[in-house]
Amino acid sequence: MTDTATTDARPADGPAVPTFRLFIAGQWVDSTSGRTFESHNPADNRDIIGRFQQGTAADVAMAVRAADMAGGLWRRTPAPKRGEIMYRFGALMADHKERLSRAMTREMGKVIAEARGDVQEGIDIAFLMAGEGRRMFGDTVPSELPDKWAMSIRQPLGIAGIITPWNFPMAIPCWKMMPALVAGNTVVFKPSSDTPHCATLLVELMAEAGFPAGTVNLVTGTGAEVGDAIVDNPDVPVISFTGSSLTGRHIAERASRRLKRVSLELGGKNAIAVMADADLDLATDGILWSAFGTTGQRCTAASRVVVERRVVDPLLERLVKRATDLRLGSGLDENVDVGPLINAAAVEKVASYVGIGRGEAELITGGDVARDGDLAHGHFFRPTIFSAVKPMDRIAQEEIFGPVLSVIPVDDYAAATTAVNQTRYGLSSSIFTRDANTAFRAMRDFETGIVYVNAGTTGAETHLPFGGWKETGNGHREAGHAALDTFTEWKSIYVDFSGRLQRAQIDNQEL
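Caption draft 1: Inspection of the packing of aromatic side chains at higher detail. Counting across every chain of the model gives eight aromatic pairs. Arranged with centres 4.6 Å apart and planes meeting at 45 degrees, the rings of phenylalanine 23 and tryptophan 28 form a pair that is tilted. Taking relative accessible area as the criterion, tryptophan 28 reaches 16% and is therefore assigned buried. When the centroid spacing of 5.9 Å and the interplanar angle of 35 degrees are considered together, the rings of tyrosine 87 and phenylalanine 127 count as tilted. Of the two residues, tyrosine 87 sits in helix H2 (residues 79–95) while phenylalanine 127 sits in helix H4 (residues 112–132), which places them 40 residues apart along the sequence. Judged by relative accessible area, which is 40%, tyrosine 87 ranks as partly exposed. By way of ring pairs, the aromatic residues Phe20, Phe37 and Phe52 are connected into one cluster.

Structure follows, in structure tokens:
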């Protein structure tokens, strides 16, 4: 054991349970509260992963103080040197990829192949942002006056409050922390209380990579106690949050009192449009992956299929056969296709929406909690498909965040476009068609931040901006060089070497 955690005496009925600490000012420390909470394996709730500190506002205040003290040296460290530390972190993640992936599957449930992809996203963004240390471009432009130099540069905001969800517990923290850090900010990081172990493992590697003490600080605990304390702290000028729309609004309202910059990545109700000329086998592959991968617990998950009536029946036949063949179980089993939901509350929410769907449409497969054998010890729900769904039904409009798919029949491309766009969200969409003209129309017409052609709605690459329209967020983007916009301010600089006072605009008119 390291200073990260202590180990309780081994209980008579099971293995010892480690107690993990906060990370503040380069040290692993206990919370001022003296309280802890447990993290359980959602595939087997008898498996306790560890006990974690129930952080407080006082802990946040200490973390912010540490980040502030580290900030001066960190922002003055040349950006290419900051990038070198980030490269080391990415390499450490790659070295520990299997260990991190298995720990993730144990704590949040996604199947091991997807967990490996989650870790790989973290590696990719670390390497991408490390390179931004040498590519943090500004602009050098001609001045309108003689003997005058004009340029713009990016500069860090200060301390970034990073608040992350449980469904991508390594990728999303990296998507946020890497651009914040390479730009010269320091970080106070609050992960979801459903995945504190994943966050601890990440921060361990960040410390090993050489991020200076105080540059990265980890405070675990509840949103009401830790999250609000980060948002309210006057010394934290920028907040980056991914999670539910309800919580996002709460954060935006609190942060607006101090005019903070807030980046919100919120809900989705993503649609796949299937045209009559589509390759239905390919469409089926894309739909199943998008709808039931990560057990539907992705902001980019496809929860709606908008399909031309002429091919509804053959598409449904394929979807039902494949969905009923999906194997449920622990994601650590390489043969399992669908893991558990994250917790009992998620099961209850999905079940309640299935009840709503039974009154709105036709349930054609799934629709119930899975309790067979070992599944009874976890939070499993069978992949569920409704047919004959109307575009404005609740199950077609509200984010369920589980393995529930609504199939919506339409007459033609125009009706499909209306159905795709007829939601308050706008993150990801896709179209399956063999017609190039239709594909290009969809790229233009679909009101989402991401559009796929002949692929599912998920699978973003780290070198392109990630984010959505409408109530999916507030206009900021993660990944790609656009991610730097959240964590930097622009500064315009003028150098006059004429040796006399030149008055912009006024002197320009006299030339």
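Caption draft 2: Spatial organisation of the sheet that holds strand E16 (residues 362–365). Spatial strand order, E16-E17-E18-E15-E14-E20-E21: seven strands in an open sheet with mixed pairing. Each edge of the sheet is formed by a strand with only one pairing partner; in this case those strands are E16 and strand E21 (450–453). Across this sheet, the average inter-strand angle for adjacent strands is 25 degrees, counted without regard to direction. Against the sheet, helix H14 (residues 436–445) contacts strand E20 (428–432) and E21, and its axis sits at roughly 170 degrees relative to E21.

Caption draft 3: How the structure looks around the pattern of salt bridges. The tally for this structure, following the rule as stated, stands at 32 salt bridges. Between lysine 321 and aspartate 325 there is a salt bridge; the shortest N-O distance is 3.6 Å. In this pair, lysine 321 and aspartate 325 both sit in helix H10 (residues 312–325), four residues apart, roughly one turn of the helix. By relative accessible area, which is 56% here, lysine 321 ends up exposed. In this structure, arginine 444 engages aspartate 445 in a salt bridge whose closest nitrogen and oxygen atoms are separated by 2.6 Å. We classify arginine 444 as exposed; its relative accessible area is 59%.

Caption draft 4: Highlighting the sheet that holds strand E8 (residues 148–156). With antiparallel pairing, three strands are arranged side by side in an open sheet as E7-E8-E23. The open sheet terminates on both sides in strands that have one partner only, identified here as strand E7 (139–142) and strand E23 (488–496). Direction aside, the axes of adjacent strands within the sheet are offset by 20 degrees on average. Where E7 meets E8, four bridges bridge the pair, whose relative direction is antiparallel. When the sheet's bridge partners are listed, proline 142 is paired in E8 with tryptophan 149.

Caption draft 5: Structural detail: helix H3 (residues 97–108). In a regular helix each residue adds 1.5 Å, so twelve residues correspond to 16 Å; H3 covers 16 Å between its end C-alpha atoms and thus fits that length. On its buried face, H3 sits against strand E5 (36–41), strand E6 (44–53), H2, H4 and helix H6 (196–209). Two residues or fewer after H3 comes glycine 109, characterised by a positive phi angle close to 100 degrees.

Caption draft 6: Here's a closer look at H14. Residues of H14 that are buried include every one of Thr438, Ala439 and Ala442, and no others. Looking down the long axis of H14, one finds its buried residues gathered within 100 degrees of arc, a one-sided arrangement. Those residues of H14 that are exposed and angled more than 90 degrees off the buried face are Asn437, Phe440 and Arg444. Of the surrounding elements, those touching the buried residues of H14 are helix H13 (413–421), E20 and E21. You can read the cap of H14 off the contacts: a side-chain oxygen lies 3.0 Å from the backbone nitrogen of asparagine 437, and it is on aspartate 435.

Caption draft 7: Quick look at the layout of surface pockets. Of the voids in this model, the largest pocket is the one considered here, and its volume is about 920 Å³. Secondary-structure elements contributing two or more residues to the lining of the largest pocket are helix H7 (223–232), strand E12 (238–242), helix H8 (245–256) and helix H11 (344–360). It is H8 that contributes the most residues to the lining of the largest pocket, six residues altogether. Residues that form the lining of the largest pocket fall into these classes: 17 nonpolar, 15 polar and nine charged. Here the second largest pocket is characterised by a volume of approximately 370 Å³. Considering the residues around the second largest pocket, the lining is formed by 21 residues, among which Glu121, Phe168, Thr458, Gly459 and Ala460 are closest to the centre. Secondary-structure elements contributing two or more residues to the lining of the second largest pocket are H4 and helix H5 (171–182). It is H4 that contributes the most residues to the lining of the second largest pocket, four residues altogether. The residue makeup of the lining of the second largest pocket, split by class, is eight nonpolar, six polar and seven charged.

Caption draft 8: Representation of empty space enclosed by the protein. This structure, assessed with the given rule, holds four cavities of 30 Å³ or more. Taken as a whole, the largest cavity spans an internal volume of roughly 90 Å³. What lines the largest cavity is a set of 13 residues, and nearest its centre among them are Gly296, Arg298, Ala301, Ser303 and Phe401. Grouping the constituent residues of the lining of the largest cavity by class yields five nonpolar, five polar and three charged. Within this model, the second largest cavity holds a volume of roughly 50 Å³. Lining the second largest cavity are 13 residues, with Lys269, Arg304, Thr423, Tyr425 and Thr448 positioned closest to its centre. Among the secondary structure elements, those contributing two or more residues to the lining of the second largest cavity are strand E14 (270–274), strand E19 (425–426) and E20.

Caption draft 9: Inspection of the packing of helix H9 (residues 280–292) against H10 at higher detail. For the pair H9 and H10, the least separation of the axes is 10 Å and the interaxial angle reads 50 degrees. One way to sum up the angle between H9 and H10 is to call them oblique. In this structure, H9 meets H10 at a crossing whose hand is right-handed. Here Leu280, Asp281, Thr284, Asp285, Ile287, Leu288 and Phe292 of H9 come into contact with H10, specifically with Pro314, Leu315, Arg318, Leu319, Arg322 and Ala323. Grouping the amino acids of the contact of H9 with H10 by side-chain chemistry returns eight nonpolar, one polar and four charged.

Conventions adopted
Residues numbered from 1 in each chain as written. Predicted model: local features only at pLDDT ≥ 70, side-chain atom pairs only at ≥ 80, totals over all residues. Heavy atoms only, no water. Phe/Tyr/Trp six-rings, centres within 6.5 Å; stacked < 30°, edge-to-face > 60°. Buried < 20%, exposed > 50% of the residue type's maximum accessible area, 1.4 Å probe, protein only. Helix = DSSP H or I, 4+ residues; strand = E, 2+ residues; numbered from the N terminus. Pairing = 2+ DSSP bridges. Axes fitted to C-alpha atoms, helices over the stretch in contact; angles between N-to-C directions. Contact = heavy atoms within 4.5 Å. Salt bridge = Lys/Arg side-chain N within 4 Å of Asp/Glu carboxyl O. Expected span 1.5 Å × (residues − 1). Arc of directions from axis to C-beta. Polar contact = N/O pair within 3.5 Å; in protein donor to acceptor, adjacent residues only side chain to side chain. 1 Å grid on protein atoms, 1.4 Å probe; cavity = no way out; pocket = protein on both sides within 12 Å on 5 of 7 lines; lining within 4 Å. Points joined across faces, edges and corners; volume = space filled by probe spheres on them. Nonpolar A, V, L, I, M, F, W, Y, C, P; charged D, E, K, R; others polar. Parallel < 35°, antiparallel > 145°, perpendicular 65-115°, else oblique. Left-handed = near helix turned anticlockwise from the far one by under 90°.

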